[in-house]
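Here's the letter readout for the chains.
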Amino acid sequence: MKLPRMKLFVLGFAVVAAATTLPAQQPTAPVINESIRTLVSRLDLEKYKATVKGLTQFGDRRQGTKRNRDAADWIEAQLKSYGCANVERITYEYKTPPPRTGGNAAAGQKPQAPIIASGEMRMGPGGSRYRGITRRTGVNTDPMKQPDEKLRALNSEPAVDGPRQDVVCTKVGSTHPEEMYIVGAHFDGHGWGEAANDDGSGTALVMELARVFSMPDVVSDRTIRFALWNNEETGTNGARAYIEQRQKLQGKEDPPGSGRYPEPKWLGMIQHDMMMWDHGMPRADGTWNPEQRPEADVNIEFQSTAKRADEAMKLAFLFREANEKYATDYPAAVGPHMTNTDSGPFMDIVPAISLRENERGMHTGAGWNPTWHQPIDVFATFSDKDFRLGLNAAQTTLAGVATLTNARLK
Ligand SMILES: [Zn+2]
């Protein structure tokens, strides 16, 4: 084929220009699903903050107390007001195990000097490795560390063994009601604060997703269950109770021929725990950066030792991509050391991931969050930059779950 001389010249010039002045690969815009973009836009910073604020009216929501039961009632009322279908309680018994001997339960009660690494290998939870400066962590059990007298009084009732409840609601899939993704967070807390970040921030995220997915003009092929677990802080007992009661019921139509699946087959579990604070490593003098660091990100973790690790890794990267396409401010990173939250009990059964403000092992475990289980985990501690990280995690999960379930506008 003969090209006119002029065209050859232009082509040659373009190739030379590309080779000398442009990067090897041109950036390409990702393919955006307009329906998902619209759903994501229905999340809103003020609404997210209002839901966190609503949860903090029940103090630290410690399991086995009236303030915990009142929080469950409030969550249920909110879910119903959003039109989320089939609000259910999962009821189980909780008995405090005998105290472990040789433990270090009081760690973190006294301020400790930071530990500065000097090259030795220090391992954290979940297979992680600590780097740099770490601080001791622990749960505050001293009421007098809470300066707000009203909050101190609200948090004063101790936990009593007995019945406990998780709260769940469900968006039923239009073409595959028999299969579902579980989107979870734990609503119990402790430490004599308001459990605003741990885990009001994750609970509010799940509730906000329940609100958006339950809107009358939204349809999804597959089912989505929004789960607010209790007793995470005592060892993920609420999530374990759910698995114990429901695992065997998966995928069964009941009654037969009805098209109804009380417990759809689990396709994946996505947990949210501590979503707002990413201020960086503690400083050498024991203080911390008071501002959200500009490099803050959402940490998506799977557990490389899980039976379903390979699928969980793929799920984690799907959520990372969802973040890249739809989250407005903060990016997401993937790590292999998911640990210490309600996705743990699921990880050998289904692909399971967690979303957090930091990696649970190498960051949270190393004392990067000074509010963790402390009296300062109250709504007023957090700035809009902190709340916005939680909102970006919500955008990430909403877009990821919408992709997985083909959720869209009718
Ligand atoms: Zn938590």
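Residues numbered from 1 in each chain as written. Predicted model: local features only at pLDDT ≥ 70, side-chain atom pairs only at ≥ 80, totals over all residues. Heavy atoms only, no water.

## Structural notes on unusual backbone geometry
Step number 1: Of the consecutive residues aspartate 198 and aspartate 199, the connecting peptide bond is found in the cis state with omega at 10 degrees.
Step number 2: Aspartate 254 connects to proline 255 through a cis peptide bond whose omega is -5 degrees.
Step number 3: Position of proline 255 relative to the elements: it lies in the loop between helix 7 (237–246) and strand 10 (265–272).
Step number 4: In this structure, arginine 61 takes a positive phi of about 55 degrees despite not being glycine.
Step number 5: Within the secondary structure, arginine 61 sits in the loop between helix 3 (45–56) and helix 4 (66–81). (Helix = DSSP H or I, 4+ residues; strand = E, 2+ residues; numbered from the N terminus.)

## What about the coordination of the zinc ion?
By definition of the ideal shapes, a tetrahedral metal site with four donors has angles of 109.5 degrees and an octahedral site with six donors has angles of 90 or 180 degrees.
Step number 1: Here the zinc ion is held by His186 (NE2), Asp198 (OD), Asp273 (OD) and Asp273 (OD), and the distances to it run 2.0 to 2.7 Å.
Step number 2: Note that the zinc ion binds four donor atoms; their angles at the metal cover 53 to 149 degrees, and the shape is irregular.
Step number 3: By relative accessible area, which is 0% here, histidine 186 ends up buried. (Donors = N, O, S within 2.8 Å, 3.2 Å for Na, K, Ca; no water. Tetrahedral: all angles 85-135°; square planar, octahedral: opposite > 155°, others 65-115°. Buried < 20%, exposed > 50% of the residue type's maximum accessible area, 1.4 Å probe, protein only.)

## Looking at helix 8 (residues 309–326)
Step number 1: An ideal rise of 1.5 Å per residue puts 26 Å on 18 residues; helix 8 measures up with 25 Å between its terminal C-alpha atoms.
Step number 2: Three or more residues of helix 8 are buried, namely Ala309, Ala312, Leu315, Ala316, Phe319, Ala322, Asn323 and Tyr326. Projection of helix 8 onto a plane perpendicular to its axis shows the buried side chains occupying an angular sector of 130 degrees, all on one side. In helix 8, the exposed positions that point more than 90 degrees away from the buried face belong to Asp310, Lys314 and Glu324.
Step number 3: Where the residues of helix 8 are buried, they touch helix 2 (34–41), strand 10, strand 11 (298–301), strand 12 (332–335), strand 13 (352–356) and helix 10 (384–405). (Expected span 1.5 Å × (residues − 1). Arc of directions from axis to C-beta. Contact = heavy atoms within 4.5 Å.)

## Considerations on the environment of arginine 283
Step number 1: Relative to the helices and strands, arginine 283 is located in the loop between strand 10 and strand 11.
Step number 2: Along the backbone, arginine 283 and isoleucine 133 are 150 residues apart, and their C-alpha atoms lie at a distance of 7.1 Å.
Step number 3: When neighbours within four sequence positions are excluded, arginine 283 is seen to be in contact with Pro114, Ile133, Trp288, Asn289 and Pro290.

## Considering the state of the cysteines
Step number 1: By the definition in use, this model includes one disulfide.
Step number 2: Paired through a disulfide, cysteine 84 and cysteine 169 show a sulfur-sulfur distance of 2.1 Å. Measuring handedness by torsion sign, the sulfur bridge of cysteine 84 and cysteine 169 sits at about 90 degrees and is right-handed. With a gap of 85 residues between them, cysteine 84 in the loop between helix 4 and strand 1 (85–94) and cysteine 169 in strand 6 (residues 162–171) connect regions that are remote in the sequence. Accessibility assignment for this pair places cysteine 84 and cysteine 169 in one class, buried. (Disulfide = S-S within 2.5 Å.)

## Examining helix 7
Step number 1: Of all the positions in helix 7, only Gly238, Ala239, Ala241, Tyr242, Ile243 and Arg246 are classed as buried.
Step number 2: Elements that come into contact with the buried residues of helix 7 comprise strand 1, strand 6, strand 7 (176–186), strand 9 (222–229) and strand 10.

## Focus: the confidence of the model for the chain
Step number 1: Within the chain, residue pLDDT values average 92, and 90% of them lie at 70 or more.
Step number 2: Throughout residues 103–111 the model reports pLDDT below 50, and contacts reaching past four residues in sequence, or to other chains, amount to 11 contacts. (pLDDT = per-residue confidence, 0-100.)

## Section: the nonpolar core
Step number 1: Leu79, Phe213, Phe226 and Ile353 are the most contacted members of the largest nonpolar core, which totals 67 residues.
Step number 2: Once residues within four sequence positions are removed from consideration, isoleucine 353 is found in contact with Met269, Ile270, Gln271, Ile300, Glu301, Phe302, Ala312, Leu315, Ala316, Phe319, Met338 and Ser343.
Step number 3: The next biggest cluster of nonpolar side chains, apart from the first, holds 18 residues, and it includes Ala227, Trp229, Ala309 and Met338. (Core = buried A, V, L, I, M, F, W, Y, C linked by side-chain atoms within 4.5 Å.)

## Side note on the packing of helix 3 against helix 10
Step number 1: Two elements in contact, helix 3 and helix 10, have axes separated by 10 Å at closest approach and are oriented at 95 degrees. Between helix 3 and helix 10, the interaxial angle falls into the category roughly perpendicular. In this structure, helix 3 uses Leu45, Tyr48, Lys49 and Val52 to contact helix 10, whose residues at the interface are Asp384, Phe387, Arg388, Gly390 and Leu391.
Step number 2: Looking at side-chain class alone, the contact of helix 3 with helix 10 contains five nonpolar, one polar and three charged residues. (Axes fitted to C-alpha atoms, helices over the stretch in contact; angles between N-to-C directions. Parallel < 35°, antiparallel > 145°, perpendicular 65-115°, else oblique. Nonpolar A, V, L, I, M, F, W, Y, C, P; charged D, E, K, R; others polar.)

## Description of the side chain of aspartate 60
Step number 1: Along the chain, aspartate 60 turns up in the loop between helix 3 and helix 4.
Step number 2: Judged by its relative accessible area of 2%, aspartate 60 falls in the buried class.
Step number 3: The contact partners of aspartate 60, leaving out residues within four places of it in the chain, are Arg67, Asn155, Asp188, Gly189, His190, Gly191, Trp192, Gly193, Glu194 and Ala195.

## What about the sheet that holds strand 1?
Step number 1: Strands sit in the order 1-6-9-7-10-13-11-12 across an open sheet of eight strands; the sheet is mixed. Only two strands of the sheet have a single partner each, and these edge strands are strand 1 and strand 12. Looking at each pair of strands side by side, their axes are set apart by 25 degrees on average, direction ignored.
Step number 2: With respect to the sheet, helix 4 is in contact with strand 1, strand 6 and strand 9, its orientation differing from that of strand 1 by roughly 165 degrees.
Step number 3: The strands touched by helix 7 are strand 1, strand 6, strand 7, strand 9 and strand 10; relative to strand 1, the strand with the most contacts, the crossing angle is about 105 degrees. (Pairing = 2+ DSSP bridges.)

## Some points on the environment of methionine 269
Step number 1: Locating methionine 269 in the fold gives a position in strand 10.
Step number 2: Along the primary structure methionine 269 and isoleucine 349 are separated by 80 residues, whereas in three dimensions their C-alpha atoms are 9.7 Å apart.
Step number 3: In this view, methionine 269 contacts Ile182, Gly184, Trp229, Asp342, Ser343, Phe346, Val350, Pro351, Ala352 and Ile353; residues no more than four positions away in its chain are not counted.

## Structural notes on the pattern of salt bridges
Step number 1: Going through the model one piece at a time under the given rule, you end up with 24 salt bridges.
Step number 2: For aspartate 70, the salt bridge identified is with lysine 66, shortest N-O distance 2.8 Å. Taken as a pair, aspartate 70 and lysine 66 lie in helix 4 at a separation of four residues, close to a single helical turn.
Step number 3: Aspartate 70 sits in the partly exposed class, given a relative accessible area of 25%.
Step number 4: Connected through salt bridges with shared partners, the residues Asp73, Glu76, Lys80 and Arg89 form a single ionic network. (Salt bridge = Lys/Arg side-chain N within 4 Å of Asp/Glu carboxyl O.)

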